[in-house]
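In case you want the letters, here they are:
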Amino acid sequence: MWRDKLRQTRVVDATGNEALDLDLLLSYFSQGEAFFELELSHDLGHRVNETTEPGANSHLVTLRLDIFYLAQKCLDEGHTSIVIISACP
């Protein structure tokens, strides 16, 4: 579910320019099923076991925080909710 939701933050225009919708991305951190609550678990069908689960969740916490703070910084510094991430030559 979260992979698909994160992909929805990517906007591609007719010329192939790619951008991120920061408002949508940041909204995932405050909704009822917040991205901050995601946890990897073998019991939920994730490809982790009881020995790899703690490390995987630790990396996931770091990744989430990096995404959140980078998106917030881009929004604060750019004053726009759409950030161009690439452009066609």
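As a starting point, this report considers the structure included with it. Computed from a prediction, not measured in an experiment: that's the story for all the values here. Residue numbers restart at each chain and count upward from 1, following the sequence in its written direction. At least 70 in pLDDT is required for a residue's local features to be given in this predicted model, at least 80 for side-chain atom pairs to be given and counted, and no such filter applies to totals for whole chains, interfaces and linings, which use all residues. Excluded from the side-chain calculation are hydrogens and water; included are all heavy atoms of the structure.

### Overview of helix α3 (residues 53-78)
Then step 1. Comment: elements are numbered from the N terminus, with helices defined as DSSP H or I runs of at least four residues and strands as E runs of at least two. By this rule the span expected of a helix is its residue count minus one, scaled by 1.5 Å. End to end, α3 covers 37 Å across 26 residues, agreeing with the expected 38 Å (1.5 Å per residue, within 8%).
Then step 2. All buried positions along α3 are accounted for by A56, N57, L60, R64 and A71.
Then step 3. Structurally, α3 contributes buried residues whose contacts are with α2 (22-27).
Then step 4. Positive phi appears at H79, one or two residues downstream of α3, with a value of about 55°. Buried residues are those whose accessible area, probed at 1.4 Å on protein chains only, stays under 20% of the maximum for their type, while exposed residues exceed 50% and partly exposed ones sit between those limits. Throughout, a residue-residue contact means that at least one pair of heavy atoms, one from each residue, lies within 4.5 Å.

### Observations regarding the environment of L60
Then step 1. Looking at the secondary structure, you find L60 in helix α3.
Then step 2. When the C-alpha positions of L60 and F36 are compared, they lie 9.4 Å apart, and in sequence the two are 24 residues distant.
Then step 3. Residues within four places of L60 in sequence aside, it is in contact with L38, E39 and L40.

Honestly, it's all geometry; don't read function into it.
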